[in-house]
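One letter stands for each residue in the lines below.
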Amino acid sequence: MDYKKFLDNIFTNLNEADIDVSGYELDHIAYRATTNQSFDKVGLDLNQVGMKVFRNVIRNRFIDIYKLHIPISYLMRKIEFIELLAPAEGDTFNEGLEHVEFVVDNYNLHEFIEKHSSLSWNTNSIDREISAEVGIKFENGANIKFKTMSMPEIIQLESNKK
């Protein structure tokens, strides 16, 4: 997985959109599998560099969270988690690194998107109880989400529900 090229594309788009993320934690990178076989193979590969710390089922598909033994270093950031997404029925996504998520815990998400109102936001999950988020997908494929809770907080809350 070419994390550097992927992250370079993400940060280029953020800069061009004038979204300053210097004060936000880059919580994780997500990898989307297009088949269950690919999901299993990537999971085995991730087990070599990290440990699966959580599994959830959303839209009848698995979402696994891996905590890396050695975080990814990028632009003075340490990225500890990889989210592995299994395919969901009807999805037409490409295989590979798909999105990043930043934690904007000092913002209400409604205020955050108002601050950047010139952009076309996906707000489908803005009022979700656990892990509310907004996202933006740029024309060149960069997919960026902003949320109010960190991955460890989400894992804790989701685990308590089970």
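In what follows, the structure referred to is the one given above.
Presented here is a report on the structure given in the accompanying data block. Note that the coordinates shown come from a computational prediction; the quantities given were computed from them, not determined experimentally.

**Describing the overall build of the protein**
Move 1: Looking only at helices and strands, the protein features four helices and seven strands.
Move 2: Reading the secondary structure of the protein in the N-to-C direction produces α-β-α-β-β-β-β-α-β-β-α.
Move 3: By principal-axis analysis of the C-alpha atoms, the protein measures approximately 40 × 35 × 30 Å.
Move 4: For the protein, with 162 residues in total, the buried portion stands at 49%.
Move 5: Approximately 9,200 Å² of the protein is accessible, and the part contributed by carbon and sulfur atoms is 48%.
Move 6: Of the charged side chains in the protein, 18 are positive and 26 negative, and the gap between their average positions amounts to 5 Å.

**Details of the environment of isoleucine 126**
Move 1: Structurally, the position occupied by isoleucine 126 is in the loop between helix H3 (109-115) and strand S6 (133-137).
Move 2: Between the alpha carbons of isoleucine 126 and histidine 110 there is a distance of 7.7 Å; along the sequence they are 16 residues apart.
Move 3: Ignoring anything within four residues of it in the chain, the contact list for isoleucine 126 reads Leu109, His110, Ile113, Ala132, Glu133 and Val134.

**Topic: unusual backbone geometry**
Move 1: Positive phi outside glycine occurs at aspartate 18, with the angle close to 60 degrees.
Move 2: The topology assignment puts aspartate 18 in the loop between helix H1 (3-16) and strand S1 (25-32).
Move 3: With a relative accessible area of 65%, aspartate 18 lands in the exposed category.
Move 4: Even without being a glycine, arginine 59 presents a positive backbone phi close to 55 degrees.
Move 5: Note that arginine 59 resides in the loop between strand S2 (50-58) and strand S3 (61-74).

**Some points on helix H4 (residues 151-161)**
Move 1: All buried positions along H4 are accounted for by Met151, Ile154, Ile155 and Glu158. Projected down its long axis, H4 carries its buried residues within an arc of 100 degrees, all on one side.
Move 2: Buried-residue contacts for H4 involve S1, S2, S3, strand S4 (77-85) and strand S7 (143-147).

**Overview of the pattern of salt bridges**
Move 1: Within this structure, the stated rule accounts for 10 salt bridges.
Move 2: Salt bridges here are not isolated pairs; linked through shared partners, they connect Asp27, Glu101 and Lys147.

**Concerning the side chain of histidine 28**
Move 1: When you line up the elements, histidine 28 lands in strand S1.
Move 2: A relative accessible area of 1% places histidine 28 in the buried class.
Move 3: Within the structure, histidine 28 has its side chain in polar contact with the side chain of glutamate 83 (distance 3.0 Å).
Move 4: When residues no more than four places from it in sequence are discounted, the contact partners of histidine 28 are Ile79, Phe81, Glu83, His99, Val100, Glu101, Lys147 and Met151.

What counts, and at which threshold
- All chains use their own residue numbering, which begins from 1 and follows the written sequence.
- Only residues with pLDDT of at least 70 are given local features in this predicted model, and only at 80 or more are side-chain atom pairs given and counted; all residues enter the totals for whole chains, interfaces and linings.
- No hydrogens and no water enter the side-chain calculation; it runs on all heavy atoms of the structure.
- A helix here means a DSSP run of H or I that spans at least four residues, while a strand means a run of E at least two residues long, and both kinds are numbered starting from the N terminus.
- Note on exposure labels: buried denotes an accessible area under 20% of the residue type's maximum, exposed denotes more than 50%, and partly exposed covers the range between, all computed with a 1.4 Å probe on protein chains only.
- Accessibility throughout is a Shrake-Rupley quantity obtained with a 1.4 Å probe, and a residue counts as covered only by protein chains that appear here.
- Lys and Arg are tallied as positive, Asp and Glu as negative. Neither His nor the chain termini are counted.
- For this purpose, a charge sits on NZ of Lys, CZ of Arg, CG of Asp or CD of Glu.
- Any pair of residues with heavy atoms lying within 4.5 Å of one another is described as a contacting pair.
- Think of the arc as the fan of directions from the helix axis to the C-beta atoms.
- By salt bridge we mean one thing: a side-chain nitrogen of Lys or Arg within 4 Å of a carboxyl oxygen of Asp or Glu.
- Counting of polar contacts relies on pairs of N or O atoms within 3.5 Å, with two restrictions inside protein: one atom must be capable of donating a hydrogen and the other of accepting it, and residues adjacent in sequence are counted only when both atoms are side-chain atoms.

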